[in-house]
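These are the residues of each chain, in order.
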Amino acid sequence: MMQSLSSVTLPAGWNDAIGTGHPAFDELLGNCGGVFGARRGKVVLLSAQSGTGKTRLCLTLGKYFTENDPLIKYGHFTGEQSVVALAAIGKVMNIDFNCNMLADADNYWPSIEAKVKENNLDVVVIDSFPMLSFPINLETKKALDTKQKIGKIAKLAEEQNISVIILNHTDKKGNRAGRNELLHLCDVSYTLRVVPDGKAYDGIKVVEFHPDKNREGTPVARAFPFNGVWDLSSP
């Protein structure tokens, strides 16, 4: 039976968001109904060429999330490097990690799912999607496809009322790794591109965030300085 949209009541907290304390980046990360930040129950996709600073960006976000709200817990799951490597990256960026910033060198989804629940995480980073491993479907004896994988991630985000940030790779032309389903199945998506030297911004190294989609909000384009350290306060 069809339903009148005028009769629909949105669930409580449908646009709750976790803020970084930097309005310009929060508006980019997710904006809906005047609420900015990483929205709970949603999946964000950040795609960029290797070396663009995706991991450093997320560690910076983790610091801001947990400092902006001491109750927020951030979890970084990496299939590409060790926890020691993450700590070293933070040290280079002068990030003072706090007890609510957790990390694990784990890329197996059932294990990640269990740790998210066990540690009551609020923001979860998957670094990166191509490295993420899922068990074989016992009924079909086949590997899960992209839709099934994102379905499991989205279900966890919704059930646990958390924000999940997925990192993905692109080639030099900006084409994303994997099928385009990845973009369509996430709630918010951006492609990050480094501005070539001399092209703009007076020679300052800058990364542009090009909006691919924002399912329930308004897509916003932004550019932020990045020279090994992100400055999210100066768009």
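The preceding data block contains the structure.
S.K.: Account for unusual backbone geometry, naming residues and giving values.
M.R.: For the peptide bond that leads from Asp127 to Ser128, omega is 10 degrees, which places it in the cis range. Checked against the element boundaries, Ser128 lands in the loop between strand E8 (123–127) and helix H5 (146–160). Here Asn120, not a glycine, exhibits a phi torsion of approximately 50 degrees, which is positive. On the basis of relative accessible area, Asn120 is assigned to the exposed category, the value being 54%.

S.K.: Give me the environment of Phe134: which residues, what numbers.
M.R.: Topologically, Phe134 is positioned in the loop between E8 and H5. Measuring from C-alpha to C-alpha, the distance between Phe134 and Ser111 comes to 9.8 Å, with 23 residues separating the pair along the chain. With residues near it in sequence (within four places) discarded, Phe134 still touches Tyr108, Trp109, Leu144, Lys149, Lys152 and Ile153.

S.K.: Any details on the packing of helix H4 (residues 109–118) against H5? Residues and values, ideally.
M.R.: Taken N-terminus to C-terminus, the directions of H4 and H5 make an angle of 10 degrees; their axes are 12 Å apart at the nearest point. As the angle between them shows, H4 and H5 are arranged roughly parallel. Of the residues in H5, those in contact with Trp109, Glu113, Val116 and Lys117 of H4 are Lys152, Ile153, Leu156 and Gln160. Counted by class, the contact of H4 with H5 contains 4 nonpolar, 1 polar and 3 charged residues.

S.K.: Would you mind going over the pairing of strand E10 (residues 188–194) in detail, with residue names and values included?
M.R.: Burial of E10 is extensive: 5 of the 7 residues sit out of reach of the surface. Here 5 bridges tie strand E5 (residues 43–49) to E10, and the two strands are oriented parallel to one another. Within the sheet, the bridge partner assigned to Val44 lies in E10 and is Val188. As defined by bridge partners, E10 adjoins strand E11 (residues 206–214) across 7 bridges and the pair is classed as antiparallel. Bridge pairing links Ser189 to Lys213 in E11.

S.K.: Any details on the layout of surface pockets? Residues and values, ideally.
M.R.: Where empty space is left can be seen by rolling a probe of water-molecule size over the atoms. Here the largest pocket defines a volume of roughly 300 Å³. Along its surface, the largest pocket is lined by 17 residues, and Trp14, Arg40, Gly41, Lys42 and Glu158 are the ones closest to its centre. The class makeup of the residues in the lining of the largest pocket is 7 nonpolar, 3 polar and 7 charged. Taken as a whole, the second largest pocket encloses approximately 190 Å³ of empty space. Contributing to the lining of the second largest pocket are Ser50, Gly51, Thr52, Gly53, Lys54, Thr55, Arg56, Glu80, Gln81, Asp127, His169 and Phe226.

Criteria and thresholds
Residues numbered from 1 in each chain as written. Predicted model: local features only at pLDDT ≥ 70, side-chain atom pairs only at ≥ 80, totals over all residues. Heavy atoms only, no water. Helix = DSSP H or I, 4+ residues; strand = E, 2+ residues; numbered from the N terminus. Buried < 20%, exposed > 50% of the residue type's maximum accessible area, 1.4 Å probe, protein only. Contact = heavy atoms within 4.5 Å. Axes fitted to C-alpha atoms, helices over the stretch in contact; angles between N-to-C directions. Parallel < 35°, antiparallel > 145°, perpendicular 65-115°, else oblique. Nonpolar A, V, L, I, M, F, W, Y, C, P; charged D, E, K, R; others polar. Pairing = 2+ DSSP bridges. 1 Å grid on protein atoms, 1.4 Å probe; cavity = no way out; pocket = protein on both sides within 12 Å on 5 of 7 lines; lining within 4 Å. Points joined across faces, edges and corners; volume = space filled by probe spheres on them.

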